[in-house]
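The chain contents come next:
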Amino acid sequence: MILKKTSLTKVVKNILIDRKEPISLVHFVTNRCNARCSFCFIDFEDPKTFSHELTLNEIDNLTKNLGGSLLNVNLTGGEPFARKDLIEIAKKYLINTTIQSIYVTTNASLPERVKIFAEEITKFDDKVELTFQISIDDMPEKHNKVRKLKNLFNNCIETYRLLKKMGDNINPVVSITVTHENCDNIKEIFNYLHKDCGIDAIKCTLVRDEGVYKTPIDKKKKILQAYEWLTNEIKEKMQSKEIVNYNSNSIQGRLHQKKDILSWEMIKKMYLDPKYISPCHAGSLFGIISSKGKVYPCEILENKELGDLRKNEMNFMKIWNNQKTKDTKKYILDSKCNCTYECALSYNILGNWRYQPKLAAAALKLN
């Protein structure tokens, strides 16, 4: 799969040695959203939040300058399907970059729009792998209430089932964010989704304190307990193939599955007692593009803007190789920057030699 648009040697060398080009980006295509989740980090009270989104033409220019190692883009928001030109945005990435997969994070409130996106993108490129992360955090009524959208839970299930029928390269997965609002009922939520709703692809994330609500320590302990139970349950059911988040018959699928397991263990060690475990490669292998065209190493380091695409002729690699980025990468390494942000941890794991034996063993089915 990697050989489709770029060189395997180039990508591996970039991941393990050079680390000068991103292999994955999170692109916040919009801040607009029809939900109002209590734990969201977007400031919906500020009218400037929704202004000056990158235009399709700007995104076209941006995607022509993303290096030769980019394998994945995560289109997110806000709610990415709030942008009616999301199909065209995805096509720009497919035409202009070396991506092999597109990850879309959605609240799944618009099933028909998601279905049309999947149909159009697979017609345009039948080799691209599409993953749709559908957020479900609670039982039906509570989920709708927390996210403040009527009938949202049913739309999520409808979206999942529509996508599940659409082919091997289209992968819907339900993601449960463990929060102060659902941690006491996580077993009930998981069992309802898995057994009653028939969901056989389930991931989980841990809520971060970038939103309005700041979690007290006693609640954090309960959140961690719930997260530990949930990750152990998912791991057990992946081993028995009751849950299939990745294609276990492919090397890529087995690598991602092992990476998730390693990430869960790291998060469990760091959530209550933040600590440095291994170097982070945000700003090297992984980065963020905001809806307004600002580039950051990750979501956590909001005060470490690397550059503004509009002030750099939409040339991403010019920003990625500038002195500010070099200084930020040095800061990340020297300060032993650490967090529980799953996306950054993924590339912490993939880009570090210490994890390669475990990843290789998983890829070769040795464990």
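Residues numbered from 1 in each chain as written. Predicted model: local features only at pLDDT ≥ 70, side-chain atom pairs only at ≥ 80, totals over all residues. Heavy atoms only, no water.

(A) Quick peek at the overall build of the protein chain. When helices and strands are counted, the protein chain shows 13 helices and 9 strands. Here the protein chain has a C-alpha radius of gyration of 19 Å; the compact-globule value for 367 residues is 21 Å, and the two agree. For the protein chain, the C-alpha atoms occupy an extent of roughly 50 × 45 × 40 Å along the three principal directions. Split into buried and exposed, the 367 residues of the protein chain put 56% on the buried side. For the protein chain, the share of sequence-separated contacts (at least 6 apart) that also reach a separation of at least 24 residues comes to 77%. Mean positive and mean negative side-chain charge positions of the protein chain (58 and 45 charges, respectively) differ by 4 Å. (Helix = DSSP H or I, 4+ residues; strand = E, 2+ residues; numbered from the N terminus. Rg over C-alpha atoms; globule rule 2.2 N^0.38 Å. Buried < 20%, exposed > 50% of the residue type's maximum accessible area, 1.4 Å probe, protein only. Contact = heavy atoms within 4.5 Å. Lys, Arg positive; Asp, Glu negative; His and termini not counted. Charge placed at Lys NZ, Arg CZ, Asp CG, Glu CD.)

(B) Up close: unusual backbone geometry. With phi around 60 degrees, Asn 151 is a residue other than glycine that occupies positive phi space. Note that Asn 151 resides in the loop between α5 (140–147) and α6 (152–164). Phi is positive for Glu 313, which is not a glycine, with a value near 55 degrees. Here Glu 313 falls in the exposed class, since its relative accessible area comes to 68%.

(C) The sheet that holds strand β2 (residues 72–76), seen in detail. If you walk across this open sheet you meet the 9 strands as β6-β5-β4-β3-β2-β1-β7-β8-β9, and the pairing is mixed. Each end of this open sheet is capped by a strand with a single partner; those strands are β6 (202–206) and β9 (307–308). Direction of pairing for β2 relative to strand β3 (residues 101–106): parallel, over a ladder of 4 bridges. In the strand pairing of β3, Asn 72 is matched with Ser 101. (Pairing = 2+ DSSP bridges.)

(D) Spatial organisation of the pairing of strand β4 (residues 129–135). Of all 7 residues in β4, 6 are buried; the element is thus mostly enclosed. Relative to β4, β3 runs parallel, the two being bridged by 6 bridges. Along β4, the bridge assignment pairs Ser 101 with Glu 129. Handedness of the crossover joining β3 and β4 through helix α4 (residues 111–124): right-handed. In terms of strand pairing, β4 meets strand β5 (residues 170–178) through 6 bridges, oriented parallel. Bridge pairing in β5 places Ile 134 opposite Val 174. (Right-handed = clockwise from strand over helix to strand, strands pointing away.)

(E) Fine view of the packing of aromatic side chains. In this structure the tally under the stated criterion is 7 aromatic pairs. Judged by centre distance (5.5 Å) and plane angle (90 degrees), the ring pair of Phe 81 and Phe 117 falls under edge-to-face. In this pair, Phe 81 is assigned in the loop between β2 and α3 (86–96) and Phe 117 in helix α4, connecting sequence segments 36 residues apart. Grouping aromatic residues by their ring pairs yields a cluster made of Phe 81, Phe 117 and Phe 132. Across from the ring centre of Tyr 271, 5.4 Å away, lies the NZ or CZ of Lys 220, which sits over that ring. Cation over ring: Lys 304 sits above Tyr 331, and NZ or CZ is 4.1 Å from the ring centre. (Phe/Tyr/Trp six-rings, centres within 6.5 Å; stacked < 30°, edge-to-face > 60°. Lys NZ or Arg CZ within 6 Å of the ring centre and 35° of its normal.)

(F) Just the nonpolar core, in detail. In this structure, Tyr 93, Ile 102, Phe 117, Phe 132, Leu 193 and Phe 316 are the most contacted members of the largest nonpolar core, which totals 104 residues. If we ignore the near neighbours within four places in the chain, the residues touching Leu 193 are Ile 136, Phe 153, Ile 157, Val 174, Ile 176, Gly 198, Ile 199 and Ile 202. (Core = buried A, V, L, I, M, F, W, Y, C linked by side-chain atoms within 4.5 Å.)

(G) Quick look at the side chain of Ser 101. One can find Ser 101 in strand β3. A polar atom in the side chain of Ser 101 sits 3.0 Å from the side chain of Asn 72. Those residues in contact with Ser 101, other than ones at most four positions away along the chain, are Leu 71, Asn 72, Val 73, Val 128 and Glu 129. (Polar contact = N/O pair within 3.5 Å; in protein donor to acceptor, adjacent residues only side chain to side chain.)

(H) View of the state of the cysteines. Scanning the model with the defined rule gives 0 disulfides in all. The thiol of Cys 298 is not disulfide-bonded; the next cysteine sulfur, from Cys 339, is found 5.8 Å away. (Disulfide = S-S within 2.5 Å.)

(I) Spatial organisation of the pairing of β5. Most of β5 sits out of view: 8 of its 9 residues are buried. By the bridge criterion, 5 bridges tie β5 to β6 in an arrangement that is parallel. Bridged to Val 178 within β6 is Leu 206. What joins β5 to β6 is helix α7 (residues 186–196), and the crossover it makes is right-handed.

(J) Here's a closer look at the pattern of salt bridges. Applying the stated criterion across every chain, the model contains 20 salt bridges. Put simply, Lys 268 and Glu 265 hold a salt bridge, and the shortest N to O gap is 3.2 Å. In this pair, Lys 268 and Glu 265 both sit in helix α9 (residues 251–270), 3 residues apart, roughly one turn of the helix. The exposure class assigned to Glu 265 is partly exposed, which follows from its relative accessible area of 33%. Members of the salt-bridge network, linked through shared partners, are Glu 53, Arg 83 and Asp 85. (Salt bridge = Lys/Arg side-chain N within 4 Å of Asp/Glu carboxyl O.)

(K) Geometry of the packing of α3 against α4. Where α3 meets α4, the closest approach of the two axes is 10 Å, and the angle between their N-to-C directions is 25 degrees. As judged from the angle between their axes, α3 and α4 are roughly parallel. Remark: the crossing between α3 and α4 carries right-handed chirality. On α4, the residues touching Leu 86, Ile 87, Ala 90, Lys 91, Leu 94 and Ile 95 of α3 are Ile 116, Phe 117, Glu 120, Ile 121 and Phe 124. Its residues assigned to classes, the contact of α3 with α4 shows 9 nonpolar, no polar and 2 charged. (Axes fitted to C-alpha atoms, helices over the stretch in contact; angles between N-to-C directions. Parallel < 35°, antiparallel > 145°, perpendicular 65-115°, else oblique. Left-handed = near helix turned anticlockwise from the far one by under 90°. Nonpolar A, V, L, I, M, F, W, Y, C, P; charged D, E, K, R; others polar.)

Geometry only, nothing functional implied.
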